[in-house]
Amino acid sequence: MAERIGENNLKKIDFLSKKLQNRIKLITFIYQFELFDEKISCEKIFQDNDLQNWEVNILNLIESKYDFLINVAKQFISKDWEWNRVLPLTRAIIIYGEYELLFNEPKIVINEMINICKLLSPNNDYKFVNKVLDLISKNVINKK
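Residues numbered from 1 in each chain as written. Predicted model: local features only at pLDDT ≥ 70, side-chain atom pairs only at ≥ 80, totals over all residues. Heavy atoms only, no water.

**Notes on the overall build of the protein**
- Scanning the protein from N- to C-terminus turns up eight helices and zero strands.
- Listed N to C, the secondary structure of the protein is α-α-α-α-α-α-α-α in terms of helices and strands.
- Taken against the 2.2 N^0.38 rule, which gives 15 Å for 144 residues, the C-alpha radius of gyration of the protein at 16 Å falls within 12% of a compact globule.
- Each principal axis of the C-alpha atoms in the protein carries an extent, and together these give about 55 × 35 × 35 Å.
- Relative to its 144 residues, the protein shows a buried fraction of 38%.
- In the protein, of all internal contacts separated by at least 6 residues, the share reaching a separation of at least 24 is 65%.
- Counting every atom, the protein has about 9,100 Å² of accessible surface; 51% of that belongs to carbon and sulfur.
- Here the protein holds 21 positive side-chain charges and 20 negative ones, and the gap between their average locations is 7 Å. (Helix = DSSP H or I, 4+ residues; strand = E, 2+ residues; numbered from the N terminus. Rg over C-alpha atoms; globule rule 2.2 N^0.38 Å. Buried < 20%, exposed > 50% of the residue type's maximum accessible area, 1.4 Å probe, protein only. Contact = heavy atoms within 4.5 Å. Areas by Shrake-Rupley, 256 points an atom, 1.4 Å probe, with all protein chains shown as cover. Lys, Arg positive; Asp, Glu negative; His and termini not counted. Charge placed at Lys NZ, Arg CZ, Asp CG, Glu CD.)

**Some remarks on unusual backbone geometry**
- Phi angles above zero are rare outside glycine, and Asp37 is one such case at about 50°.
- By secondary structure assignment, the location of Asp37 is in the loop between α2 (7-34) and α3 (42-48).

**Things to note about the nonpolar core**
- Ranked by size, the top nonpolar core spans 40 residues in total, and within it Ile62, Tyr96 and Met113 carry the most contacts.
- Going through the elements one at a time, α2, α3, α4 (53-64), α5 (66-75), α6 (88-101), α7 (106-120) and α8 (125-139) are the ones with two or more residues in this core.
- At eight residues, α6 tops the list of elements feeding residues into this core.
- Those residues in contact with Met113 that lie beyond four places of it in its chain are Arg23, Ile27, Ile93, Tyr96, Gly97, Val129 and Leu133. (Core = buried A, V, L, I, M, F, W, Y, C linked by side-chain atoms within 4.5 Å.)

**Comments concerning the UniProt feature "domain: NusB/RsmB/TIM44" (unreviewed entry) in the protein**
- Annotation from UniProt places "domain: NusB/RsmB/TIM44" (unreviewed entry) at residues 58-137.
- Span residues 58-137 is 74% helix and 0% strand, its end C-alpha atoms 19 Å apart. (UniProt positions renumbered as here; feature names shortened; annotations may be inferred.)

**Let's talk about the packing of α4 against α6**
- Running from N to C, α4 and α6 cross one another at 105°; their axes reach a closest spacing of 11 Å. Viewed along their axes, α4 and α6 adopt a mutual orientation that is roughly perpendicular. Here Ile58, Leu61 and Ile62 of α4 lie close against α6, whose contacting residues are Ile95, Tyr96 and Tyr99.
- Looking at the contact of α4 with α6 residue by residue, the classes come out as six nonpolar, no polar and no charged. (Axes fitted to C-alpha atoms, helices over the stretch in contact; angles between N-to-C directions. Parallel < 35°, antiparallel > 145°, perpendicular 65-115°, else oblique. Nonpolar A, V, L, I, M, F, W, Y, C, P; charged D, E, K, R; others polar.)

**Things to note about the packing of aromatic side chains**
- Going through the model one piece at a time under the given rule, you end up with two aromatic pairs.
- Taking 5.6 Å as the distance between ring centres and 40° as the angle between the ring planes, the aromatic pair formed by Tyr96 and Tyr99 counts as tilted. Taken together, the residues Tyr96 and Tyr99, both in helix α6 and three residues apart, mark about one turn of the helix.
- Here Tyr99 and Phe103 contribute two aromatic rings whose centre-to-centre distance is 5.2 Å and whose plane-to-plane angle is 55°, an arrangement assigned as tilted. (Phe/Tyr/Trp six-rings, centres within 6.5 Å; stacked < 30°, edge-to-face > 60°.)

**As for the packing of α5 against α6**
- Running from N to C, α5 and α6 point in directions that differ by 105°, and their axes come no closer than 10 Å. Considering their axes alone, α5 and α6 lie roughly perpendicular with respect to each other. On α6, the residues touching Tyr66, Leu69, Ile70, Val72 and Ala73 of α5 are Ile94, Ile95 and Glu98.
- Its residues assigned to classes, the contact of α5 with α6 shows seven nonpolar, no polar and one charged.

**Description of the side chain of Glu55**
- Relative to the assigned elements, Glu55 resides in helix α4.
- Of the residues examined, Glu55 reaches a relative accessible area of 2% and is grouped as buried.
- Setting aside residues up to four positions removed in sequence, Glu55 forms contacts with Lys25 and Leu26.

**A few points about the side chain of Glu98**
- Structurally, the position occupied by Glu98 is in helix α6.
- The buried charged residue Glu98 lacks any salt bridge, with Arg91 as its nearest oppositely charged partner at 10 Å. (Salt bridge = Lys/Arg side-chain N within 4 Å of Asp/Glu carboxyl O.)

Written as structure tokens, this is what we have:
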């Protein structure tokens, strides 16, 4: 089967698989704090985990912009809904998705966050993630 896929395609698949695993790992760290309605603390994460420099940099940036990211997300949630009512995992995916929107193509980021949500969440929260990140990308990111 490997011959049919081709060496270059196998490398791409491996790269994309690792990228997905890395995203899920970082979302998991954010989720651990969202689960207890706590602000993310890199100090706590670094105490218990051996992280690579790029992971440290991403988590430090998210921690430093945490309140801003939450406030932006809140603006694009229905007036009848509150941020605290959103499932902690979904909040973590949105927070990480907002971070990625700052540096990557919105369509790719939104698609990745939808796929991660489908993998990790048993319900239709991916639709909510899609809506919120799409509104953020159109009204905040693309208006810089």
